[in-house]
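Descriptive structure summary
Given next are the chains, with one letter for each unit.
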Amino acid sequence: MTTPGGRLQHILADDRPSYELGARHLDSARCKVLARQWGCKEATKLRKEPCIAYLAGALKDPARVRERWNALDTSQRAVLSVFKRYGGRVSGEILAREILSRGLASEPKTGEYAWKRKDPVEELRREHLLASLGSSSWSHAYYGLSYPNLAAHPGLLEIAEVAAPLGWKASNATDPPRVTQMRYASEVALDLARVADALPSVEEWKGLSGGALSKADRARLARTALVPKTAPIPVPDLECLCYEVLRGVGAVEVRGVMGRLRPERVRQFLSQPSAVQCRAWVRAWIEMSMWQDGIGVVPDRDNPQEPVRIEPDKLRASREMLTWALTRVAHGTGDWLDMDTFLRDLWDAAGEHGIDFYWGRYAWDVDFPVTRGRDSLPIGKERSYAYWVDREGGWVANAVFGTLYQLGLVERGSRSGRRPLWSFRLSPLGRVVLGAPEVSDERVRRGGKFLTVQPNQEVVAYLDEAGSGEATMLARFAEASSTSAGVARTFRMTRASVYAALESGLRAEEIVVFLEQHSRTGVPAEVMHVLSDSSRKREALVLREGLHLVGSRADAPPSKPGCRRLGDRWTLEPGRGATGLTGSGAACWEADEEGRVRLTGDADLVASARLRRFAERDQADWRVTAESIATARERGITAETIVRWLTAHHPGPVPPSLVAAVHNWAGPADGLFLGELCVIQVRSDRACRAIQESLEVRPWIISHPAPDLFVIRPERCAEVERWLARRGFALGEAYRPPAMTEPPPSDEPRMETASPARGRAKRQR
Amino acid sequence: MGARVDSMNENRTTLDNLLPLLEPTSGSAVLHVAVVEVRDAADLAGLASDPRMGRFLLGRLSDTVALVDPGAEEAFLVALRDAGHTPKRTKDVGP
């Protein structure tokens, strides 16, 4: 990320190892030629393997490398200087633009043979001083000068000078805008911190394919993170842009569809200097595929018939190309660039296919004059340009004036007219990040006195004076009182916010030092008091976790180093690698329906202690009673907790009647009916219909629970009996009980089936 | 001095009722447990007598240290915070 001199690397520089000769993939004759070029005089007499062995040594030999360097011409050395500028590897598209812009080669003419043209890149490739990356070993000239992604020999790069930066000159000068907007790095960092705070800090979350947040999580994030919206140019799914940046910098880890926040990485990243952070934001933006400029969150899969996103590889290449153009702007005059002129200059610099994809619907729909009447233009450059502006130009506008403004790289402004005239220039931070390594970050180093601390624990922060690390440090121990955009933000140190900061690993002394260092007005005594009070209160109640608890005799020797004696019975030891709990899941209780609980021989401390909290002694055993459960309830122990403990320590299923009793004793008790009922049981459908459809009997029926059963009001029993006798029914048959049904499998017993049914059935006589 | 000793004895009696002292069984060792530690016995009695927090305590290991129900550490922490406490969370055994 930074050069050995402490400066930022070029924004498109890549640290990944790159150059590989790949001699094993060459044929024997080519190996011999290469070995000879690298100084092996007997190469023609050698077989392939000895040639490869020789090359392996020669490529690392400084003397041989120097010889090769001396043999190169000026333009070839200039190409290597370009590679050095980019850290050793350059994408084919960027390389082609660099070569053309520096005049090291020209666009191939129609019908011109590639081998006849003077092209130092191709010459270096033929000598294997530039190696193709990955599988992209070919290039084609259909779209003009074109190369695969290439890496240069590292030994030659050490000798080469870094190529000078390319500048940028607008083809049309523009007046400064009347209204301007700019975001500071501290504002962006606070947005990222807000989104990180709104994500679950402990548990994982399930996202979508590709690692994007689910729709529900996005909505929740938008509600809780409250990232200030940027009017008047909309940036869709702004919170998700922050999320993808966090993902790109490694603060969010995604495996498959599961996401996880890495709080330590968040803190470590957000404490870095503004320029270092901003460089990582841009790198993350170039790489992100699930959020697209002017579109927002996009799905992982596309529909070729009806695309829903820009093709990710093309978007990545386009972002790289736009970044390349902006690196040139960073070395320009620093004047304002109006949007129309910039698009024209970008098209000229990047070529017709430098930024090339198929998409035309953006959140910020810009009305470009050049696109009006494009269909009537004759086929040629102007018509192509008009179509390009309509599609890719819209994306550039959304990326520059939306995304890059949001990330603090661009200052934007407008002049009112019939159509607002938008223009931009790089912010000081943008010039540093995009102008690296030549532009020093001294211009954006912040962190002076940017705070005013009030006695009522309010802190006013002037974000234009704050570095992003300082702003996020403040947000760790003080809550933002307002989410409005602006450089003066009010924070408030509350007991909860200070406590959260202390729990995250910050010490009270560090907060005091920070406030003293950055406050313009000192730190009021009231604030110091709140800090020391919060720290003292926190120390007064400590939850120690993951420890081993060992019973010890009173006469045991003093505890070992690192261990701690608690009274004369227990020793606390630091938790070591072992996992799993001993004592929280042992099946060592035997309980019966009457609530008697017997401890078996292997009962341990946790099982015994739990039992003691809700049962009472009954000679050698324990007993769960209404009184013991009432005592447990007074202690706050719920029936659910007791049943959970019973289930954990009971070898088999806990008797349902005991579970029901625990719930009933803990209250409220399950209600049930126990009493006398008058029941008619019939044998035939005829009898059933007679009773069911009788206008006289029907009002006396309470319910009809089964096809052959009628429950009658007890006080009407005699009248029903007379009614049945008058109609000749043979009363006096025995009651035929239906088959018992099994209760559904559940931890909770059903009282209706478990309780003894003592209702007296009125038999038919 | 005498009043202080009386107060300590009173606290201990209260504690014995609320949160009995846990006795080690032979060779008893429990792995990966959480304990809560307060400044004095009165604070522990205060915790144990409050059903919101007391429900998560199984017994006391000393006059200022109590064993937390395994598996209920997070819920205990939430209960403490909801009750206005600001507990320090650590993996140290303490002084």
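All of these numbers come straight from a predicted model, not from anything done at the bench.

Let us now look at the overall build of chain A. Along the backbone of chain A there are 27 helices and 26 strands. Counting over 765 residues, chain A shows a buried share of 38%. Sequence-distant contacts in chain A: of pairs separated by 6 or more residues, those separated by 24 or more amount to 66%.

It is worth spelling out the domain arrangement of chain A at this point. By a frequent convention, interface size equals the accessible area lost on bringing the separate parts together. All names here are of chain A. Taken domain by domain, chain A holds domain 1 (59-159), domain 2 (179-434), domain 3 (451-540), domain 4 (559-670) and domain 5 (678-754). Relative placement of domain 1 and domain 2: their C-alpha centres are 31 Å apart. Taken together, the contact pairs seven residues of domain 1 with nine residues of domain 2. Its residues assigned to classes, the side of domain 1 that touches domain 2 shows two nonpolar, three polar and two charged.

All names here are of chain A. Pairing of strand S20 (residues 589-591) with strand S21 (residues 596-599), which is carried by three bridges, proceeds in the antiparallel orientation. Its bridge partner lying in S21, tryptophan 589 is registered against leucine 599. Sheet topology note: the S21/strand S23 (residues 621-623) ladder contains two bridges and is antiparallel. Residue pairing for S23: arginine 596 is matched across the bridge by arginine 623.

The next subject is the interface of chain A and chain B. At the junction of the two partners, chain A supplies 46 residues and chain B supplies 41 residues. Put simply, the parts of the chain that give the side of chain A that touches chain B at least two residues each are helix H18 (495-503), helix H20 (525-540), strand S17 (541-551), strand S18 (564-566), strand S19 (570-573) and helix H21 (605-614) of chain A. The element best represented in the side of chain A that touches chain B is S17 of chain A, accounting for 11 residues. Of the residues belonging to the side of chain A that touches chain B, the class tally is 19 nonpolar, 12 polar and 15 charged. Both S17 of chain A and strand S1 (residues 29-38) of chain B contribute to a ladder of seven bridges, which runs antiparallel.

Right, let's talk about the pairing of strand S24 (residues 678-681) of chain A for a bit. Residues and elements named next belong to chain A. Going residue by residue along S24, you find Cys678 and Ile680 tucked away on one face and Val679 and Gln681 left uncovered on the opposite face. Of the strand pairs in this sheet, S24 and strand S26 (residues 709-712) are connected by four bridges, and their pairing is antiparallel. Bridge assignment links valine 679 to a residue of S26, and that residue is valine 711.

In this section: the nonpolar core. Soluble, globular proteins show a tendency: their nonpolar side chains are buried together. In this structure, Leu192, Leu246, Leu409 and Val433 of chain A are the most contacted members of the largest nonpolar core, which totals 138 residues. Excluding anything up to four places from it in sequence, leucine 246 of chain A contacts Leu192, Val195, Ala196, Ala251 and Val252 of chain A. With 61 residues, the next largest nonpolar core counts Leu549, Ala591 and Ile629 of chain A together with Val36 of chain B among its residues.

For residues besides glycine, phi is generally negative; the peptide bonds are generally trans as well. All names here are of chain A. Cis geometry marks the peptide bond from alanine 436 to proline 437, where omega comes out at 5°. Relative to the helices and strands, proline 437 resides in the loop between helix H16 (428-434) and strand S13 (451-453). The amide bond that connects glycine 667 to the next residue, proline 668, takes the cis arrangement and shows omega of -5°. The topology assignment puts proline 668 in the loop between helix H24 (656-666) and S24. Phi angles above zero are rare outside glycine, and aspartate 237 is one such case at about 50°. Structurally, aspartate 237 is set in the loop between helix H9 (215-225) and helix H10 (238-248). A residue is classified by how many C-beta atoms lie within 10 Å of it, and aspartate 237, with 22 of them, is buried.

This part is about helix H23 (residues 639-649) of chain A. All names here are of chain A. Inspection of H23 places Ala639, Thr641, Ile642, Trp645, Leu646 and His649 among the buried residues, and these make up the whole buried set. All buried residues of H23 fall inside an arc of 165° around its axis, so they share one side. Buried residues belonging to H23 abut S20, H21, helix H22 (626-634) and H24.

Attention now goes to the packing of H22 of chain A against H24 of chain A. Residues and elements named next belong to chain A. Put simply, H22 and H24 touch, their axes get as near as 9 Å, and they point 55° apart. Relative to H24, the element H22 lies oblique. For the element pair H22 and H24, the recorded crossing hand is right-handed. Two secondary-structure elements touch here, H22 through Ala626, Ile629, Ala630 and Arg633 and H24 through Val662, Trp665 and Ala666. Looking at the contact of H22 with H24, its residues break down into six nonpolar, no polar and one charged.

Turning our attention to the sheet that holds S23 of chain A. Residues and elements named next belong to chain A. Strand order in the open sheet made by the four strands is S20-S21-S23-S22, with antiparallel pairing throughout. Single-partner strands in this sheet number two, and they are S20 and strand S22 (616-618). Going from strand to strand, the sheet's axes swing by 35° on average, the running direction of each strand aside.

Residues and elements named next belong to chain A. Inspection of the secondary structure puts aspartate 356 in the loop between helix H14 (339-350) and helix H15 (381-406). The class for aspartate 356 is partly exposed, based on 17 C-beta atoms found within 10 Å. For the pair aspartate 356 and leucine 326, spaced 30 residues apart in sequence, the C-alpha separation works out to 17 Å.

Moving on, we get to the confidence of the model for chain B. Confidence in the prediction for chain B averages 85 pLDDT; 84% of positions are at 70 or higher. Here helix H1 (residues 2-18) of chain B stands out as the least confident element of chain B, with mean pLDDT 70; strand S3 (residues 65-68) of chain B is the most confident, with 94.

Residue and element names in this part refer to chain A. Across chain A, pLDDT averages 86, with 90% of residues at or above 70. In this model residues 578-584 is a low-confidence stretch, pLDDT under 50, and it forms 16 contacts with partners more than four residues away in sequence or in other chains. Long-range and interchain partners of residues 747-765, a stretch whose pLDDT sits below 50, account for 38 contacts in this model, where long-range means more than four residues apart.

Residue and element names in this part refer to chain A. If you check H14, its first and last C-alpha atoms are 16 Å apart, about what 12 residues at 1.5 Å a residue would give, namely 16 Å. Where H14 is concerned, the buried positions are Met339, Asp340, Phe342, Leu343, Leu346, Trp347 and Ala350. An end-on view of H14 places all buried positions within 160° of arc, on one side of the element. For H14, the secondary structure elements touched by its buried residues are helix H5 (92-101), helix H13 (312-330), strand S10 (337-338), H15 and strand S12 (421-426). Positive phi appears at glycine 351, one or two residues downstream of H14, with a value of about 85°.

The rules we used
Positions within a chain are numbered from 1, following the residues in the order the chain's sequence is written. To read the labels, note that chains go from A and ligands from 1, taken in the order they are written. Only residues with pLDDT of at least 70 get local features here, since the model is predicted, and only at 80 or more are side-chain atom pairs given and counted; chain-wide, interface and lining totals rely on the full set of residues. Every helix listed is a DSSP run of H or I at least four residues long, and every strand listed is a run of E at least two residues long, numbered separately from the N terminus. Residues with at least 20 neighbouring C-beta atoms inside 10 Å of their own are called buried, those with 12 or fewer are called exposed, and the rest are partly exposed, where every C-beta is derived from the backbone. With C-beta atoms placed from the backbone, a contact is any residue pair whose C-beta atoms sit within 7 Å. Domain extents, as shown, originate in an automatic or database domain assignment. Amino acids are sorted into nonpolar (Ala, Val, Leu, Ile, Met, Phe, Trp, Tyr, Cys and Pro), charged (Asp, Glu, Lys and Arg) and polar (every other residue, Gly among them). A strand pair is defined by DSSP finding two or more bridges across the two strands. By definition, a nonpolar core groups buried Ala, Val, Leu, Ile, Met, Phe, Trp, Tyr and Cys residues that connect through C-beta atoms lying within 7 Å of each other. Along the arc lie the directions from the helix axis toward the C-beta atoms. With axes taken as lines fitted to C-alpha atoms, and helix axes fitted only over the stretch in contact, angles between N-to-C directions fall between 0 and 180 degrees. Convention used here: angles under 35 degrees read as roughly parallel, angles over 145 as roughly antiparallel, angles from 65 to 115 as roughly perpendicular, and any remaining angle as oblique. In this scheme the crossing of two helices becomes right-handed for a clockwise turn of the near helix relative to the far one and left-handed for an anticlockwise turn of less than a right angle. Known as pLDDT, the predictor's confidence for each residue is given on a scale from 0 to 100. For a helix, the expected span equals 1.5 Å multiplied by the number of residues minus one.

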